[in-house]
Amino acid sequence: MWWNPVGIWEQEVPPIKTLNIRTFAREELRDITHLVQGVVDDSGIADGLCMVYVPHTTAGVTINENADPDVVRDIIETLDKLVPRGLSYHHTEGNAPAHVKAVLTGNSISVPVQNGRLGLGTWQGIFFCEFDGPRNRKVVVQVLRNT
Amino acid sequence: MWWNPVGIWEQEVPPIKTLNIRTFAREELRDITHLVQGVVDDSGIADGLCMVYVPHTTAGVTINENADPDVVRDIIETLDKLVPRGLSYHHTEGNAPAHVKAVLTGNSISVPVQNGRLGLGTWQGIFFCEFDGPRNRKVVVQVLRNT
Amino acid sequence: MWWNPVGIWEQEVPPIKTLNIRTFAREELRDITHLVQGVVDDSGIADGLCMVYVPHTTAGVTINENADPDVVRDIIETLDKLVPRGLSYHHTEGNAPAHVKAVLTGNSISVPVQNGRLGLGTWQGIFFCEFDGPRNRKVVVQVLRNT
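Since this is a predicted model, take the numbers as computed values, not measurements. (Residues numbered from 1 in each chain as written. Chains lettered and ligands numbered in written order. Predicted model: local features only at pLDDT ≥ 70, side-chain atom pairs only at ≥ 80, totals over all residues. Heavy atoms only, no water.)

Visitor: Please set out the interface of chain B and chain C residue by residue, giving values where relevant.
Guide: Taken together, the 31 residues of chain B in the interface contact 34 residues of chain C. When chain B packs against chain C, the two sides together hide about 2800 Å² of surface, and 58% of this comes from carbon and sulfur. For the pair chain B and chain C, the interface holds zero salt bridges. Counting every contact that joins chain B to chain C gives 13 residue pairs in polar contact (both at pLDDT 80 or more). Counting residues per element, the ones that place at least two in the side of chain B that touches chain C are β3 (48-53), α3 (96-105) and β8 (136-145) of chain B. The greatest single-element share of the side of chain B that touches chain C, amounting to six residues, is contributed by α3 of chain B. Counted by class, the side of chain B that touches chain C contains 19 nonpolar, ten polar and two charged residues. (Contact = heavy atoms within 4.5 Å. Buried area = accessible area lost by both parts, 1.4 Å probe. Salt bridge = Lys/Arg side-chain N within 4 Å of Asp/Glu carboxyl O. Polar contact = N/O pair within 3.5 Å; in protein donor to acceptor, adjacent residues only side chain to side chain. Helix = DSSP H or I, 4+ residues; strand = E, 2+ residues; numbered from the N terminus. Nonpolar A, V, L, I, M, F, W, Y, C, P; charged D, E, K, R; others polar.)

Visitor: Lay out the relation of the copies chain A and chain C in plain terms, naming residues and giving numbers.
Guide: Screw-axis analysis of chain A against chain C gives a translation of 0.0 Å along the axis, an RMSD of 0.0 Å, and a rotation angle of 120 degrees. Given the turn and translation reported, the copies of this chain are related as if by a three-fold rotation axis. Looking at the rotation axis and the C-alpha trace of chain A, the residue lying nearest is leucine 104 of chain A, at 3.4 Å. An overlap of only 12% is found between the interface residues of chain A and their copies at the interface of chain C, pointing to separate contact surfaces. (Least-squares fit on C-alpha atoms with pLDDT ≥ 70 in both.)

Visitor: An account of the sheet that holds strand β3 (residues 48-53) of chain A is requested, with residue identities and associated values reported.
Guide: Strand order across the open sheet formed by five strands is β1-β8-β3-β5-β6 (chain A), with antiparallel pairing between neighbours. Among the strands making up the open sheet, the edge pair consists of β1 (16-22) and β6 (117-118) of chain A. (Pairing = 2+ DSSP bridges.)

Visitor: Describe the interface of chain A and chain C, naming the residues involved and giving the relevant values.
Guide: Listed by partner, the interface residues are 34 residues for chain A and 31 residues for chain C. The junction of chain A with chain C conceals about 2800 Å² of combined surface from both sides, 58% of it contributed by carbon and sulfur atoms. The largest share of the area that chain A buries against chain C comes from Asp74, Asn146 and Thr147 of chain A, three residues that together contribute 21% of it. Seen at the junction of chain A and chain C, the total is zero salt bridges. Applying the counting criterion to the chain A and chain C interface returns 13 residue pairs in polar contact (both at pLDDT 80 or more). Mapped onto the side of chain A that touches chain C, the elements with two or more residues apiece are β3, β4 (59-65), α2 (69-82), α3 (96-105) and β5 (108-114) of chain A.

Visitor: Before we move on, can you summarise the relation of the copies chain B and chain C with the specific residues and values?
Guide: In screw terms, the move from chain B to chain C is a rotation of 120 degrees and a rise of 0.0 Å along the axis, fitting with an RMSD of 0.0 Å. The share of interface residues of chain B whose copies in chain C are also at the interface is only 13%, consistent with the copies meeting through different surfaces.

Visitor: Before we move on, could you go through the side chain of histidine 99 of chain A and cite the residues and values that matter?
Guide: Along the chain, histidine 99 of chain A falls in helix α3. Side-chain polar atoms of histidine 99 of chain A contact the backbone oxygen of threonine 57 of chain A, separated by 3.1 Å. Residue contacts for histidine 99 of chain A: discarding those within four places in its chain leaves Thr57, Thr58 and His91 of chain A together with Asn64, Glu65 and Val71 of chain B.

Bear in mind that shape data such as this cannot, by itself, settle questions of function.
Encoded structure:
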């Protein structure tokens, strides 16, 4: 679903695209690098900045290693040790730790775009962080053009 | 207080506005969503990216739920458990934990702007995070126009 | 090393510059403020946004106090308490804590640029966060022009 302005400047507005993601576990780090690169591809923007924004309060987004899946397991488990479910929280919906984890990871990341490619490091991938799944989630990808 | 360049390009420069905020407790998460939206409104920018920047080292900014105030209480209390005041720190001003908390939350957030509105999720608000108050604080809001 | 597009719009593209940094300890917060300001200077951009991006998965970047070096020591030591080396991790390269710390600090920061200067607060500096050194590292600095 692309946002399209009305009027003659339509083709001048860099795109924002909303991705729909289905998560399958309570906690899950999902590699969405290829989806984000797809939005950059469709934008036709060669040089700029790509911002990935998560419009949820119990999910986040982060960048880390996508080669060894054990890294992601360690991230999930360590966050769980830092913000355990067993503690007493005021928020009574049972997902208070998910809110705190979203604060710790943050809900947006930015990556330079060069020659039409995300300027990620060799081992880097972009991960949607589900902390209160499974759910249907949205991820907003915006590409800003260099001028 | 708006920054205005000198010269004929004045009207072309998207705004930066510095907000003054008074905090009233040592630790406090203050919902500043309406203030940030106000800067977006004043900017006249329909589509772009809004960046909120905290120029302090013992305060931060985060995005999380602004419906149930217990969520914010849980965030404050959990950060306090992670970085307790009782530990021994080198920095002797008594606010070492506030510095570390600012690192954990981060001192800036970015949100897409679409049709003149912050593209926040249903439950999201933007919170100034005071970790060493009460104080007079500044928050810088910048809106970058899509081109 | 500047990235230069081919063609007549070359002078219009705000710069991306890759800095090379050598770290000397396993964990180290290195003040790179002057290096980042140098890229802003070279860009000739008076007003915009500066984004600093770390293309590694065991290093990050943060903004905090650069006056008292004890603050940085406290940040390093507290992160070490939160994500200790002694725990059992799945990732077997011995640097699992470094990956998690990179998630906690984040791998990019944004700062407003006003009148050709980074809009940092009085006590703020930009720190490259080495969590798995010593190594040769890269830091990408991008300046986006206000339009």
